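# Structural features, examined
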Amino acid sequence: MSAKHVKTLILGAGAAGLLCATYAGPDTLVIDHAKAPGEKIRISGGGRCNFTNMGCAAENFLSENPHFAKSALSRYTQWDFLDLVGRHQIPWHEKTLGQLFCDRSAKDIIQMLLAEMQPAELWLRTSVGEVAHDGIAFRVSLIRDGKPITVTAENLVVATGGKSIPKMGASSLGYQIAEQFGHRLTETRPALVPLTFNEPAKTEFAALSGTAVNTRISCNGTAFEEAMLFTHRGLSGPAILQISSYWREGDRLSVHLLPDQDLFAHLRARRTTAGGKAIGTCLAELLPQKLARHLTTEWGLGGNLADMSDTALQTLAKALAQWDLTPTSSEGYRTAEVTLGGVATDQVSSKTLESALIPGLYLIGEVMDVTGWLGGYNFQWAWSSGVAAGRAITAKQ
């Protein structure tokens, strides 16, 4: 069996691992099981990569310790990454809510990271076997191109990501390594994921598949105001993906349809100008026709607007503002954009991302119990945590 020694071994050639390699200094090796680096970067944002968010701050992240992300995020900000993008002359644009995307392709970000990480070495199609520490160095058994090789390293960076999208090779390897070295894990769950209904509800909502509507969705004290999309399985769209991180099986979603409108005032005004119209017809002026038809049937809304009193209009407006839906499950890691939870923050330095239990062990990116909102936040955590670890490694040399 062949052997190799490096100063720093980084497990994972994703967003966090690649940028960490840029800062970790010479004699760094990055390995990944995939045939190409940055695969999740490549597919993100519809192939355009929502690489950060203008408004990124610690309050946009979920964690057992809501303060943990502050240090890394403040020392390598969205503006720092944007400066890097600018230096590589990658054209970008801002969409809604501060989300930044590449104009051309997510591959521009991958090529930028590969250029920046030089002279670090990159091994692809390389799988990890046993990981050990003898008190002096880490010893990692690898299979590269079908051949065994042992790599020893003074620093080991776990940048293996979470469990989301297993068809791309996602696994719980990072969690297993952390646990092996004594780290505690918080509960892991699929996050930023579509929610699903049971069979009776699927049948009830089948006709609405493909229908999108602007909403404010609330659950467990948190609300997001974005679009909701009905699918053949249940609910998706930005608002649903966002709230899924706060939702648990059995929880009710409170859906406020058309939150930017005074629905009672609108209905009352239409009663004056178009009292002869059917209630369902009036709702179709506000909502997608399929949804208006569904609600008219579901709520038994017969007759014309002129037949409705102010009290009846207020009741209808309230129903539109507090439509309760109860998904039964989520689509799981198969379609989840990220994993909620991970390595507990209380045994990891918030400044350096180094383990408090094993010197030289660093845990960065999605493997940590730091989960961002939809909209570029998780990429920014990858950049910030990767840079924090890389700088700390260089500072020790």
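Residues numbered from 1 in each chain as written. Predicted model: local features only at pLDDT ≥ 70, side-chain atom pairs only at ≥ 80, totals over all residues. Heavy atoms only, no water.

## Structural notes on the overall build of the chain
Secondary structure assignment for the chain yields 13 helices and 21 strands. Dimensions of the chain, computed from C-alpha atoms along their principal axes, come out at roughly 85 × 40 × 35 Å. Here the chain holds 397 residues, and 54% of them are scored as buried. Counting contacts in the chain only where the partners sit at least 6 residues apart, residues at least 24 apart contribute 73% of the total. As presented, the chain carries roughly 16600 Å² of accessible surface, and 50% of it is formed by carbon and sulfur atoms. The average position of the 36 basic charges and that of the 37 acidic charges among the side chains of the chain differ by 4 Å. (Helix = DSSP H or I, 4+ residues; strand = E, 2+ residues; numbered from the N terminus. Buried < 20%, exposed > 50% of the residue type's maximum accessible area, 1.4 Å probe, protein only. Contact = heavy atoms within 4.5 Å. Areas by Shrake-Rupley, 256 points an atom, 1.4 Å probe, with all protein chains shown as cover. Lys, Arg positive; Asp, Glu negative; His and termini not counted. Charge placed at Lys NZ, Arg CZ, Asp CG, Glu CD.)

## Overview of the environment of Asn-304
Position of Asn-304 relative to the elements: it lies in the loop between helix 11 (289-298) and helix 12 (310-321). Through-space distance from the C-alpha of Asn-304 to that of Gly-275 is 6.5 Å; in sequence the pair is 29 residues apart. In contact with Asn-304, not counting residues within four places along its chain, are Gly-275, Gly-276, Lys-277, Ala-278 and Ile-279.

## Things to note about the sheet that holds strand 5 (residues 92-94)
Strand order across the open sheet formed by three strands is 3-6-5, with antiparallel pairing between neighbours. On the outer flanks of this sheet lie strand 3 (50-53) and strand 5, each paired with one strand and no other. On average, each strand axis in the sheet is inclined to that of its neighbour by 25 degrees, with strand direction left out of account. Summarising the sheet, strand 3 and strand 6 (residues 99-102) pair through three bridges and their orientation is antiparallel. Paired with Thr-52 across the two strands is Leu-100, which belongs to strand 6. (Pairing = 2+ DSSP bridges. Axes fitted to C-alpha atoms, helices over the stretch in contact; angles between N-to-C directions.)

## Focus on helix 13 (residues 377-396)
Counted at 1.5 Å a residue, the expected span for helix 13 with its 20 residues is 28 Å, and the 29 Å between its end C-alpha atoms agrees. The element helix 13 is extensively covered by neighbouring structure, given that 16 of its 20 residues are classed as buried. (Expected span 1.5 Å × (residues − 1).)

## Digging into the pattern of salt bridges
Under the criterion given, the structure shown has 20 salt bridges. With a shortest N-O distance of 2.8 Å, Glu-187 and Arg-248 are connected by a salt bridge. Within this pair, whereas Glu-187 is found in the loop between helix 6 (173-180) and strand 11 (189-191), its partner Arg-248 is found in the loop between helix 8 (238-244) and strand 16 (253-257), the two being separated by 61 residues in sequence. Look at Arg-248 and you get partly exposed, because its relative accessible area is 38%. Notably, a salt bridge pairs Glu-331 with Arg-233, separated by 3.6 Å at the nearest N-O pair. Here Glu-331, found in the loop between strand 18 (329-330) and strand 19 (338-340), pairs with Arg-233, found in the loop between strand 14 (222-230) and strand 15 (234-236); they are 98 residues apart in sequence, far enough to count as distant. Take Arg-233: its relative accessible area is 33%, and that puts it in the partly exposed class. Connected through shared salt-bridge partners, Glu-64, Arg-184 and Asp-346 make up one network. (Salt bridge = Lys/Arg side-chain N within 4 Å of Asp/Glu carboxyl O.)

Keep in mind these values describe shape, not function.
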